[in-house]
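Examination of the molecular architecture
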Amino acid sequence: MLFDDDNASQALGMRVLSVTEGRATVQMAVRADMVNGHNICHGGMVFTLADSAFAFACNSRNVPTVASGCSIEFLAPARKGDILIADATEIALAGKTGIYDATVRNQAGAIIATFRGRSHRLAIPSPIREGGV
């Protein structure tokens, strides 16, 4: 699994809760070293969580895939001690391009951020090959 070699996600204490075809759910606890000068979770940390869920979702078919663009909307602050869950879902996949949406929620279910990622497959699986990579 991609997570096994993802040092960044591991260093932030992320846990992969589930990965299915075109979807991934990832969890992260907001630690003291993730809080900014306003005493809220740094937006880059929230973005990284959503981006990791996006990465695991778009690589769920075992075809090497990278991001070609992403955006995020911050809707509410996350705080130290919060448990954040990012759920990424494939919206469209055509040829080498995919669109994925992720929602980041806290432990109470409040939406913290919404994220949209555009993926680029480095290879397209052959239609002849069956059973994955």
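In case you missed it, the structure is sitting above this.
This section reports on the structure supplied with the text. Worth saying up front: this structure is predicted, and the values here are computed from it rather than measured.

**Points about the overall build of the protein chain**
Counting its regular elements, the protein chain contains 2 helices and 6 strands. Going from the N terminus to the C terminus, the protein chain shows its helices and strands as α-β-β-α-β-β-β-β. By the compact-globule yardstick of 14 Å for 133 residues, the protein chain fits well, its C-alpha radius of gyration being 15 Å. In terms of its C-alpha atoms, the protein chain occupies a principal-axis envelope of roughly 55 × 25 × 25 Å. Here the protein chain holds 133 residues, and the buried ones make up 35% of them. Taken as two groups, the 12 positive and 12 negative side-chain charges of the protein chain have centres that lie 3 Å from each other.

**Topic: the packing of aromatic side chains**
Enumeration according to the criterion identifies 4 aromatic pairs in this entry. Ring geometry for F54 against F115: centres 5.6 Å apart, planes inclined by 50°, an arrangement best described as tilted. You can see F54 sitting in helix α2 (residues 43-58) and its partner F115 sitting in strand β6 (residues 111-121), a full 61 residues away along the chain. Pair check on accessibility: F54 and F115 agree, each one buried. In textbook terms, an aromatic cluster arises when at least three aromatic residues are bridged by ring pairs, as seen for F47, F54, Y100 and F115.

Here is what the cut-offs are and how they apply
Residues numbered from 1 in each chain as written. Predicted model: local features only at pLDDT ≥ 70, side-chain atom pairs only at ≥ 80, totals over all residues. Heavy atoms only, no water. Helix = DSSP H or I, 4+ residues; strand = E, 2+ residues; numbered from the N terminus. Rg over C-alpha atoms; globule rule 2.2 N^0.38 Å. Buried < 20%, exposed > 50% of the residue type's maximum accessible area, 1.4 Å probe, protein only. Lys, Arg positive; Asp, Glu negative; His and termini not counted. Charge placed at Lys NZ, Arg CZ, Asp CG, Glu CD. Phe/Tyr/Trp six-rings, centres within 6.5 Å; stacked < 30°, edge-to-face > 60°.

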